[in-house]
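Structural characterization, general
Residue-level listing of the chains:
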Amino acid sequence: MEMATRIHIIVFPFPVQGHINPMLQFAKRLASKGTGIKVTLVTTTSSTSSNSIQLAESSSVNIESIYDGVDEGEKIESFDLYLERFKVAIPRSLAEFIQSIKKQENKLVLVYDSVIPWALDIARQLGVYGASFFTQSCAVCAIYYHVNQGSLLNINPHRPQGRQGIAAAGSSSSMVSVPSVPVLLGINDLPSFICDTDSYPFLLTIVLDQFSNFHKADWLLFNTFDKLEREVVNWMSSRWPMIKTVGPTIPSMYLDKRLEDDRDYGLNLFKPDAEACMKWLESKESRSVVYVSFGSLANLGELQMEELAWGLLMSNTYFLWVVRASEQSKLPSNFMGGGNSKGLVVNWCPQLEVLAHRAVGCFVTHCGWNSTLEALSLGVPMVAMPQWTDQATNAKCIVDVWHAGVRVRVDNEKGLVSRDEFELCIRQVMEGEKGNELRKNAVRWKELAKEAVHEGGSSDNNIEEFVSELVST
Ligand code: UDP
């Protein structure tokens, strides 16, 4: 007999693909932890339509949508404008949603995206527990934390009087040491909002604001695992005991296989060309294909796209390249013509299935945190080509901490990665001793990722602990 619902967990990600995926996956893990737990993922009306959601029948996560200030059919010009609408509409619609279910439930918990820190105020006002979910690495969060404290580089826009650099390893080398981050960081390894504070001031404010009230949250959840970021996790846990690592949040079938039919995230903001990709990959030999993707948000310049296109052709390997529909016009006009049979270009693909396919030998990635974790969890070595936000720091870790990839060198004068450089990096990962070493390391991370989410692993234990703390609070 099913118990009456005791705990209702509401999971609210910021509505972009890279935040929905890990939080939805976490929601599935929670829902699998017992009949006394009900889990609802809250999306927004303008980001999701019913055909973008395809959860496995066995999944017991409910999906609800709340109004985010954008009316049906309305087009919002820019991300800043969307954020303005979001900030006005969401406090009210989220509060209304929570109130509407509050009467029926014994205990409510709001797991909110760390980039929406004000969601904690809503939870508190309504007498609901609050857990902040961080969708970036602990290393990146540590950097933002220090900048917000004014203890790193003195560039915190909120605190112009902040203390000078914490442990700068000499200004001549321009290397920075961040407590607990296991490598020295050059300027080009820091998150882009930090090393170029003028580029996206409103996004800088958002990433720093994650730390405005994080210490007041009941739990701090991170999509990472202990062995991947040991030093920084230890450092954080010693200061904030409510921290729990719960990652990698990859569908269970790729890791521990304990969640039935869980092979996909289940909520796609873009429509994948799944059949075309998988059929094409099936026809290729093992480890013969380079998979290229820059995620859901990054925009490359036309000149850069051209260098990539020719670099891929020069490498003479098969390639599967995801070029979003909005980016397609930047491809060189004659690129796929002339009987070029080596490549397949698609607008979106089922990335996990692709990375798990035996034919894929290398992942050229922008180093979004999900893509990074997915590559490590599936044992695929990378060519790191970071674009913005946290990606440069992830690239640094991929190369110098996890030893699972190489990073492209940017020609600073032109601000571009040349076709020759790109070809060289692909060859380094696909061929020879170095390539074998990188793959071996990536496969080691795959085993450790599996171990973390398997029964008794560090992330599994933390999720169990989270649930039992909810029960006992
Ligand atoms: N993704 C996908 N198909 C694609 C490209 C990306 O399913 O063709 C997924 C990918 O698996 C990952 C997410 O989109 O889970 C992208 O998140 P990430 O953090 O890597 O980058 P972002 O898009 O946030 O820059």
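Residues numbered from 1 in each chain as written. Predicted model: local features only at pLDDT ≥ 70, side-chain atom pairs only at ≥ 80, totals over all residues. Heavy atoms only, no water.

1. What to know about the site of the ligand
Applied cut-off: Proximity is defined per residue: if any heavy atom of the residue lies within 4 Å of a molecule or strand, that residue is considered near it. Residues adjacent in sequence count toward polar contacts only when both atoms are side-chain atoms; beyond that, a polar contact is any pair of N or O atoms within 3.5 Å, and within protein one must be able to donate a hydrogen and the other to accept it. Runs of H or I in DSSP of at least four residues are treated as helices and runs of E of at least two as strands, each being numbered from the N terminus. Residues are grouped as follows: Ala, Val, Leu, Ile, Met, Phe, Trp, Tyr, Cys and Pro are nonpolar; Asp, Glu, Lys and Arg are charged; every other residue, Gly included, is polar.
The environment of the ligand is made up of 18 residues, and the closest members are Ser296, Cys349, Asn370, Ser371 and Glu374. In the environment of the ligand, an oxygen atom lies 2.8 Å from a nitrogen or oxygen atom belonging to the side chain of Asn21. For the shell around the ligand, the elements supplying multiple residues, two or more each, are helix H1 (17-31), strand E8 (289-293) and helix H11 (369-377). Residues that form the shell around the ligand fall into these classes: six nonpolar, eleven polar and one charged.

2. Remarks on the packing of aromatic side chains
Applied cut-off: A pair of aromatic rings is counted whenever rings of Phe, Tyr or Trp (Trp by its six-membered ring) have centres within 6.5 Å, and the orientation is called stacked for planes under 30 degrees apart, edge-to-face for over 60 and tilted otherwise. Between buried and exposed lies partly exposed: a residue is buried under 20% and exposed over 50% of the maximum accessible area for its type, with that area taken using a 1.4 Å probe on protein chains only. Here, over-ring charges are defined by two tests on the NZ atom of lysine or the CZ atom of arginine: distance to the ring centre within 6 Å, and angle to the ring normal within 35 degrees.
Following the criterion strictly, the structure yields 31 aromatic pairs and no others. On the numbers, 5.9 Å between centres and 90° between planes, the contact of Phe193 with Trp388 is edge-to-face. In this pair, Phe193 is assigned in helix H5 (residues 192-195) and Trp388 in the loop between strand E12 (382-384) and helix H12 (391-400), connecting sequence segments 195 residues apart. Trp388 sits in the partly exposed class, given a relative accessible area of 21%. Lying over the aromatic face of Trp280, Lys284 brings its terminal NZ or CZ to 4.5 Å of the ring centre. Between Lys284 and the ring centre of Tyr318, over which it is positioned, the NZ or CZ distance is 4.9 Å.

3. Let's talk about the nonpolar core
To keep things clear, this is the line we draw: Grouping buried Ala, Val, Leu, Ile, Met, Phe, Trp, Tyr and Cys residues that are joined through side-chain atoms within 4.5 Å yields what is termed a nonpolar core. Note on definitions: a residue-residue contact is assigned when non-hydrogen atoms from the two residues lie within 4.5 Å.
Judged by nonpolar contacts, the single largest core of 63 residues is most densely connected at Phe12, Leu94, Ile98, Leu110, Leu220, Met236 and Trp240. Among residues more than four places away in sequence, those in contact with Leu94 are Phe12, Ile66, Leu110, Ala119 and Ile122.

4. What about the sheet that holds strand E11 (residues 360-365)?
For clarity, the threshold we go by: Two strands pair under a simple rule: DSSP has to find at least two bridges between them. Note on geometry: axes are lines fitted to C-alpha atoms, helical ones only across the stretch in contact, with angles between N-to-C directions running from 0 to 180 degrees.
Within the open sheet, the six strands sit side by side as E10-E9-E8-E11-E12-E13. Their pairing is parallel. Of all the strands in the sheet, the pair left with one neighbour each is strand E10 (343-346) and strand E13 (405-407). Taking the axes of each pair of neighbouring strands and ignoring which way they run, one obtains an average angle of 15° across the sheet. Here E12 runs beside E13; their pairing, made up of three bridges, is parallel. Counterpart to Ala384 in the pairing with E13 is Arg407.

5. A closer look at the side chain of Gln25
Among the secondary structure elements, Gln25 is positioned in helix H1. Taking relative accessible area as the criterion, Gln25 reaches 1% and is therefore assigned buried.

6. So, the packing of helix H4 (residues 138-149) against helix H7 (residues 230-239)
When two helices pack together, you describe them by how their axes are tilted relative to each other and by the distance separating the axes. Put simply, the rule is: Should an angle fall under 35 degrees it is called roughly parallel, over 145 degrees roughly antiparallel, and 65 to 115 degrees roughly perpendicular, with every other angle called oblique. Crossing handedness is defined as follows: a turn of the near helix away from the far one that is anticlockwise and smaller than a right angle gives a left-handed crossing, while the clockwise case is right-handed.
In contact at an axis separation of 9 Å, H4 and H7 are set at 50° when each is read in the N-to-C sense. Taken together, H4 and H7 sit at an angle that is classed as oblique. Handedness of the crossing formed by H4 with H7: left-handed. On the side of H4, the interface is formed by Cys138, Ala139, Cys141, Ala142, Tyr145 and His146, while H7 contributes Val232, Val233, Trp235 and Met236. Broken down by class, the residue content of the contact of H4 with H7 amounts to nine nonpolar, one polar and no charged.

7. Notes on the confidence of the model for the chain
Note the following rule: Confidence of the predictor at the level of single residues is given by pLDDT, which spans 0 to 100.
Summary statistics for the chain give a mean pLDDT of 91 and a share of 92% for residues scoring 70 or more. Predicted confidence for residues 155-172 stays below pLDDT 50, and this span has 41 contacts to residues more than four positions away or in other chains.

8. Considering the sheet that holds strand E7 (residues 243-245)
One open sheet accounts for seven strands, arranged E3-E2-E1-E4-E5-E6-E7; its pairing is parallel. Of all strands in the sheet, those with a lone pairing partner are strand E3 (61-66) and E7, marking the two edges. Pairwise comparison of adjacent strand axes, ignoring direction, gives a mean angle of 25° for this sheet. Here strand E1 (residues 7-12) runs beside strand E2 (residues 37-44); their pairing, made up of five bridges, is parallel. Across the sheet, residue Ile10 finds its bridge partner in E2, namely Thr40. This element, H1, spans E1, E2, E3, strand E4 (107-113), strand E5 (129-134) and strand E6 (219-222) of the sheet and lies at about 165° to E2.

9. Comments concerning helix H15 (residues 458-472)
Stated formally: Multiplying one less than the number of residues by 1.5 Å gives the expected span of a helix. Each direction from the helix axis to a C-beta atom contributes to the arc, which is the arc of those directions.
Its 15 residues give H15 an end-to-end C-alpha distance of 21 Å, which sits within 8% of 21 Å, the value for a rise of 1.5 Å per residue. Turning to H15, its buried residues are Ser459, Asp460, Asn462, Ile463, Phe466, Val467 and Leu470. Buried residues of H15, seen end-on, are gathered within an arc of 165° and therefore sit on one face of the element.

10. Description of the pattern of salt bridges
Heads up, the condition is: Criterion for a salt bridge: a side-chain nitrogen of Lys or Arg within 4 Å of a carboxyl oxygen of Asp or Glu.
As enumerated under the stated definition, the model contains 21 salt bridges in all. A salt bridge links Glu465 to Lys244; the nearest nitrogen and oxygen atoms lie 2.8 Å apart. Placement of the pair is Glu465 in helix H15 and Lys244 in strand E7, with a sequence separation of 221 residues. According to the relative accessible area criterion, Lys244 is buried, its value standing at 3%. The salt bridge partner of Arg427 is Glu431, with a shortest N-O separation of 2.9 Å. Accessibility expressed as a relative area gives 28% for Arg427, which makes it partly exposed. According to the relative accessible area criterion, Glu431 is partly exposed, its value standing at 39%. A single network of salt bridges, built from pairs that share partners, joins Arg29, Lys33, Asp256, Arg258, Asp460 and Glu464.

11. A closer look at unusual backbone geometry
The amide bond that connects Gly247 to the next residue, Pro248, takes the cis arrangement and shows omega of 0°. Phi is positive for Arg287, which is not a glycine, with a value near 55°. When its relative accessible area of 49% is taken as the criterion, Arg287 is described as partly exposed.

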